[in-house]
Amino acid sequence: MKLLDCILDLLFPPKCPFCGRVREHGGICPECEKALPWTAENDACWNISSGLRCAAPLWYEELAREGILRFKFQGASASATALGELLARCAAEHLAGEFDTVTWVPVSRKRLRKRGYDQAELLARTACRLWDTEPVRLLNKTADNPAQSGISDAAARRANVLGVYETCGDPAGKRVLLIDDICTTGATLSECARVLKDAGAESVVCAVVAKTREKFTK
C-alpha cells in the first residue's frame, strides 16, 4: 500500500457504509452483509419502461436506505467504494456483454457545489476501476429542478425531469451503461436514456445500488 493510502487510512479509517463500524480493509462488515435487503435473482434485473433494463443488488429500505442516504446527503463520500462494488458485481452478473461505455446520471452544478461531490459519478468511477476502464461523461444537468424524492406522483416525477438533461459527449453508436444511486419510479433513468438515444446511442441499460419495491408504472 502506498504511504499516502496509509496516512489517509489513519486519518480517515475505512468504515462499513451501512453501520459505520471501522473496518481494517474497508468494505461491508459481516453483520451488515447478512442483514442487508438483497434483491432476489428474479428481482435484481427488470424493465423500467419500453425495454429499458436496470439492475440493482439491494431493495431501497431499512439498512440499505440508511447507508445510501448517509452517502448521498451526509458527506459519506468514502462509501462510494463499497457501494460501487455492489453495483458493479450486480451489473456484471446481469448486464455483461450489453455495454461498452459507462456513464452516470449527473447532479446539477448548484447541487454539486452544495454537496461537494456527485454521488453517481463516484459510483461509476468505482465500478470502472474494477473493470479496468474509465467512465465517460455523456450528460449534463441543465436545471436545478426540485428533488425527485419530494415528489410521490409518477406523472409529476416524469414531468419534473423532462428536458433537464443534455448530452455533453458523443454517445453515437455506443452501448451505454447508465449508473445512478437509487431507482424509484424510473423517471430519471428513463429521461436520461431517452436523451442518450436521441443523440445516437445504440442502446442503454442501467444499474443502481438499490430500488424501491413499488410497482413501476412508467
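Above this note sits the structure.
Residues numbered from 1 in each chain as written. Predicted model: local features only at pLDDT ≥ 70, side-chain atom pairs only at ≥ 80, totals over all residues. Heavy atoms only, no water.

**Some points on the nonpolar core**
Applicable threshold: Put simply, buried Ala, Val, Leu, Ile, Met, Phe, Trp, Tyr and Cys residues joined by side-chain atoms within 4.5 Å make one nonpolar core. Type-normalised accessible area, obtained with a 1.4 Å probe on protein chains alone, sets the label of each residue: buried when under 20%, exposed when over 50%, and partly exposed for intermediate values. Each helix is a run of H or I in the DSSP string that is no shorter than four residues. Each strand is a run of E no shorter than two, and both are numbered from the N terminus. Every residue pair with non-hydrogen atoms within 4.5 Å of one another is taken to be in contact.
The biggest cluster of nonpolar side chains holds 40 residues, and the ones touching the most others in it are F18, I28, L58, L95, L177 and I179. Listed by contribution, the elements that provide at least two residues to this core are helix 3 (62-73), helix 4 (80-95), strand 4 (101-104), helix 6 (119-130), strand 7 (175-179) and strand 9 (203-207). Ranked by residues supplied to this core, first place goes to helix 4 with nine residues. Apart from the residues within four sequence positions on either side, L95 is in contact with C45, R53, A55, L177, V205 and C206. Counting 24 residues, the second-largest nonpolar core is a separate cluster that includes C54, L196, A201 and C206.

**Structural notes on the pairing of strand 2 (residues 52-55)**
Counted only if it meets this: Two strands pair under a simple rule: DSSP has to find at least two bridges between them.
The pairing of strand 1 (residues 45-49) with strand 2 spans four bridges and is classified as antiparallel. Residue pairing across strands places C45 opposite A55, the latter belonging to strand 2. Hairpin geometry of strand 1 and strand 2 is characterised by an intervening segment of two residues between the two adjacent antiparallel strands and by a positive phi of about 45° at S50.

**Quick notes on the pairing of strand 7**
Within strand 7, four of the five residues are buried, which leaves the element mostly enclosed by the surrounding structure. Here strand 4 runs beside strand 7; their pairing, made up of four bridges, is parallel. Looking across to strand 7, one finds that W104 is bridged to I179. As defined by bridge partners, strand 7 adjoins strand 9 across five bridges and the pair is classed as parallel. Paired with V176 across the two strands is V204, which belongs to strand 9.

**A look at the sheet that holds strand 4**
Basically, it comes down to this: In this analysis an axis means a line fitted to C-alpha atoms, helices contributing only their contacting stretch, and an angle means the value between N-to-C directions, from 0 to 180 degrees.
Strands sit in the order 1-2-9-7-4 across an open sheet of five strands; the sheet is mixed. One side of each edge strand has no neighbouring strand; the edge strands of this open sheet are strand 1 and strand 4. Between one strand and the next, the sheet's axes are offset by a mean angle of 30°, whatever the strand orientation. In the sheet, strand 2 pairs with strand 9 via two bridges, with the strands oriented parallel. In the strand pairing of strand 9, C54 is matched with C206. Contacts from helix 6 reach strand 4 and strand 7, with the element oriented near 155° to strand 4.

**With respect to the pattern of salt bridges**
Definition in use: By definition, a salt bridge exists where a carboxyl oxygen of Asp or Glu is found within 4 Å of a side-chain nitrogen of Lys or Arg.
Applying the stated rule across the entire model yields 10 salt bridges. Between E61 and R213 there is a salt bridge, with its nearest N and O atoms 3.0 Å apart. Of this pair, E61 sits in the loop between strand 3 (58-59) and helix 3 while R213 sits in the segment after strand 10 (210-211); the two residues are 152 residues apart in sequence, bridging distant segments of the chain. Among the ionic pairs, D181 bridges to K72, the shortest N-O distance being 3.2 Å. With D181 in the loop between strand 7 and strand 8 (182-183) and K72 in helix 3, the pair connects residues that are 109 residues apart, well separated along the chain. For the residue pair D181 and K72, the accessibility class agrees, reading buried in each case. The network of salt bridges with common partners includes E121, R125, E134 and R137.

**Considering the environment of G27**
Tracing the chain through its elements places G27 in the loop between helix 1 (3-11) and helix 2 (30-35). Between the C-alpha atom of G27 and that of P17, which follows or precedes it by 10 residues, the distance is 7.5 Å. Apart from the residues lying within four places of it in its own chain, the contact partners of G27 are K15, C16, P17 and A82.

**Quick notes on the packing of aromatic side chains**
Note the following rule: A pair of aromatic rings is counted whenever rings of Phe, Tyr or Trp (Trp by its six-membered ring) have centres within 6.5 Å, and the orientation is called stacked for planes under 30 degrees apart, edge-to-face for over 60 and tilted otherwise. By definition here, charges over rings are those cases where NZ of Lys or CZ of Arg is within 6 Å of the ring centre and within 35 degrees of the ring normal.
Taken as a whole, this structure holds two aromatic pairs when the rule is applied. Consider the rings of F99 and W131, whose centres lie 5.5 Å apart with planes at 45°: the pair is tilted. Of this pair, F99 sits in the loop between helix 4 and strand 4 while W131 is found in the loop between helix 6 and strand 5 (139-141), placing the two residues 32 residues apart along the sequence. Residue classification places W131 among the partly exposed residues on the basis of a relative accessible area of 27%. The lysine or arginine in question, K211, covers the ring of W46, its NZ or CZ lying 3.9 Å from the ring centre. Across from the ring centre of W59, 4.1 Å away, lies the NZ or CZ of R213, which sits over that ring.

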